[in-house]
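# Structural features, examined
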Amino acid sequence: MSYVKEAFDRVKLRDPDQPEFHQAVWEVLETLEPVFDKHPEYKDANILERLTEPERIITFRVPWVDDNGNVQVNRGMRVEFNSAIGPYKGGLRFHPSVNLGIIKFLGFEQILKNALTTRPIGGGKGGSDFDPKGKSDMEVMRFCQSFMSELYRHIGANVDVPAGDIGVGGREIGYMFGQYKKLTGKWEGVLTGKGYGWGGSLIRPEATGYGQVYFLREMLASKGETIEGKTCAISGSGNVAQYCAQKVLSYGGKVITMSDSGGYIFDKDGIDESKLDWIMDLKNNRRGRIKEYVKEYPGAVYHEGKRPWGEVCDIALPSATQNEIEEKGATNLVKNGCMAISEGANMPTSPEAYTILSDAGVLFGPAKAANAGGVAVSALEMSQNAAFDEWTSEKVDSKLDHIMTGIHKQCADAAEEYNHKGNLVVGANIAGFIKVAEAMLDQGVV
Ligand code: NDP
């Protein structure tokens, strides 16, 4: 049996009930065999087994009182996965589906993603099975305060710096930051995604979606193509999807779909800037459902309980959640002539779907490279906080563009060096892994 397969079997044996974590680990490990042939020292130091076991996992009770005076209890967790190249860094997800396997999958991906940004940040992730949907602002505040009442003792500006993810946006980061400050008496850059005016960086809200499109631009450029005039199907209508759509429009692309967990809308005339503004207000202020779009814009159609991958498009931009492109979606995308996918969500493409897309020659930007813009600008927020400085939008955006262009190059170069020219999945895994492995070797067995 091969070395990586043996290592993977040990991961499964140790935590048999974590399928998403297994999926994320195998997607990386299956591409690393040639790295161990070239670098036997990684095998000697047992880097793989150390990399797949988190340095620390914290789980805790989160009790809070709802608006009716009832005591509610959720579970909170933080996985501090790997600190070889910097403080743990990665978002917090509040969603009823959250469990340890999902947080470990996200934390594992984060290690390699953060390495690709070239910033000094390690990998971590956390969250809770709390569902912010349908809760009042005061309920969300009480939950966030209770969550931070435990988490604060495990994090710090140079220790572990959480950010947002599904269900955690500016509102939640604000409540958690306030509680951290109250408990510790310290104002420090302990969370990123903070509001502008109290330590937040300009372009942080935009960063993941913009970065996803910069990465797409680089992939297309490698084939002599551009975004202009291309039809794009986007899933999700949250933070990543909104700014992905905004950047596609700025490059002259046409956005035909957006979605939420209820279903998707198809607008044959395209979702232009003013329609997108309406969606942003719906989602960020009124906290409504995407199906309301068709009342406002009757030319569009709402498809309940469906995903947008059956629509004819040149480019697919999955920006909602994991495993949202499955075999059927991938088959439809290929049949309809889709030429490129840039992943905004984490692990949105199932392994079976990826095989179909890759066999058909669809250009594929994997999440750990294509959505690294969010954490890259989080690292820029940390730099600004540490220096008590504030940069202009132009400066942050140009750094983001530079970082995303660099990530694409790192992936393309690593793929070529290891005889997989053009395969950015292999390239991202190898480039990220080698950086972390080298740091772990230098630091000894810790
Ligand atoms: P948001 O909470 O802002 O938006 C999530 C969107 O995805 C919503 O439209 C939501 O719909 C939809 N969604 C969530 N779960 C499901 C589901 N099971 N099925 C269908 N749709 C679903 O989160 P973000 O935009 O921040 O995150 C989206 C993805 O991007 C996630 O995979 C996240 O890990 C990833 N990501 C985010 C980064 C960031 O900076 N925010 C950075 C890198 C990656 P509904 O409102 O109905 O739940």
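None of these values were measured; they are calculated from a predicted model.

Scoring rules and cut-offs
- Residues numbered from 1 in each chain as written.
- Predicted model: local features only at pLDDT ≥ 70, side-chain atom pairs only at ≥ 80, totals over all residues.
- Heavy atoms only, no water.
- Pairing = 2+ DSSP bridges.
- Helix = DSSP H or I, 4+ residues; strand = E, 2+ residues; numbered from the N terminus.
- Axes fitted to C-alpha atoms, helices over the stretch in contact; angles between N-to-C directions.
- Contact = heavy atoms within 4.5 Å.
- Buried < 20%, exposed > 50% of the residue type's maximum accessible area, 1.4 Å probe, protein only.
- Phe/Tyr/Trp six-rings, centres within 6.5 Å; stacked < 30°, edge-to-face > 60°.
- Lys NZ or Arg CZ within 6 Å of the ring centre and 35° of its normal.
- Salt bridge = Lys/Arg side-chain N within 4 Å of Asp/Glu carboxyl O.
- Right-handed = clockwise from strand over helix to strand, strands pointing away.
- Core = buried A, V, L, I, M, F, W, Y, C linked by side-chain atoms within 4.5 Å.
- Domains from an automatic or database assignment.
- Buried area = accessible area lost by both parts, 1.4 Å probe.
- Polar contact = N/O pair within 3.5 Å; in protein donor to acceptor, adjacent residues only side chain to side chain.
- Nonpolar A, V, L, I, M, F, W, Y, C, P; charged D, E, K, R; others polar.

### A short note on the sheet that holds strand β9 (residues 301-304)
Taken together, seven strands build an open sheet; the order of strands is β9-β8-β7-β6-β10-β11-β12 and the sheet is mixed. In this open sheet, the two strands that pair with only one neighbour each are β9 and β12 (363-365). Going from strand to strand, the sheet's axes swing by 15° on average, the running direction of each strand aside. When strand β7 (residues 254-260) meets strand β8 (residues 263-266), the two strands line up antiparallel, connected through four bridges. Pairing of M258 across the sheet is with I265, part of β8. Contacting β6 (231-234), β7 and β10 (315-317), helix α10 (residues 239-250) runs over the sheet at an angle of about 175° to β7.

### Overview of the pairing of strand β5 (residues 160-163)
By the alternation rule, side chains of β5 split into D160 and P162 and V161 and A163, which are all buried. Note that strand β3 (residues 88-94) and β5 share four bridges and pair parallel. Across the sheet, K89 pairs through a bridge with V161, a residue of β5.

### Some points on the packing of aromatic side chains
Throughout the structure, instances matching the rule amount to 24 aromatic pairs. When the centroid spacing of 5.9 Å and the interplanar angle of 35° are considered together, the rings of F143 and F147 count as tilted. Taken as a pair, F143 and F147 lie in helix α7 (residues 137-151) at a separation of four residues, close to a single helical turn. Grouping residues by exposure puts F143 and F147 together as buried. Ring-pair connections join several aromatic residues into one group, and the members of that group are F60, W64, F94, F130, F143 and F147. Here the guanidinium or amino end of K247 rests over the ring plane of Y210, the centre of that ring lying 4.3 Å away.

### Examining the pattern of salt bridges
It is possible for side chains bearing opposite charge to pair when their charged atoms get close. Enumeration according to the criterion identifies 26 salt bridges in this entry. For the salt bridge of E49 with R14, the shortest nitrogen-to-oxygen distance reads 3.8 Å. Of the two residues, E49 sits in helix α5 (residues 47-51) while R14 sits in helix α1 (residues 3-14), which places them 35 residues apart along the sequence. Judged by its relative accessible area of 48%, R14 falls in the partly exposed class. Residue D281 pairs with R286 through a salt bridge whose shortest N-O separation is 3.0 Å. Using a relative accessible area of 41% as the deciding quantity, one classes R286 as partly exposed. One connected set of salt bridges, linked through shared partners, spans R10, R14, E49 and E53.

### Remarks on the pairing of β3
Of all seven residues making up β3, seven are buried, and the element is well covered by its neighbours. Strand direction decides the pairing type here: β3 and strand β4 (residues 122-128), joined by five bridges, are parallel. Its bridge partner lying in β4, R93 is registered against G127. For the crossover from β3 across helix α6 (residues 100-116) to β4, the handedness is right-handed.

### Remarks on the nonpolar core
Grouped together as the largest cluster of nonpolar side chains are 93 residues, with contacts concentrated most on L48, F108, M258, I407 and F433. Per element, the largest residue contribution to this core is ten residues, and it comes from helix α18 (residues 424-442). In terms of domain composition, this core takes at least three residues from each of domain 1 (54-184) and domain 2 (207-370). V62, F147, M176 and L191 belong to the second largest nonpolar core, which has 21 residues in total.

### Re the domain arrangement of the protein chain
A common way to report how large an interface is uses the accessible area buried once the components associate. Each assigned domain of the protein chain is listed here: domain 1 (54-184) and domain 2 (207-370). A C-alpha centroid distance of 27 Å is found between domain 1 and domain 2. Taken together, the contacts link 13 residues of domain 1 with eleven residues of domain 2. At the boundary of domain 1 with domain 2, total buried surface from both sides reaches about 1000 Å², with 50% on carbon and sulfur atoms. Ranking the residues of domain 1 by area buried against domain 2 places F105, E109 and K113 at the top, with a combined share of 45%. Our enumeration of links across domain 1 and domain 2 arrives at one salt bridge. The shortest N-O distance in the salt bridge between E109 and K368 comes to 3.3 Å. Linking domain 1 to domain 2 there are three residue pairs in polar contact (both at pLDDT 80 or more). Considering each element in turn, the side of domain 1 that touches domain 2 owes the most residues, seven residues, to α6. Looking at the side of domain 1 that touches domain 2 residue by residue, the class counts come to six nonpolar, no polar and seven charged.

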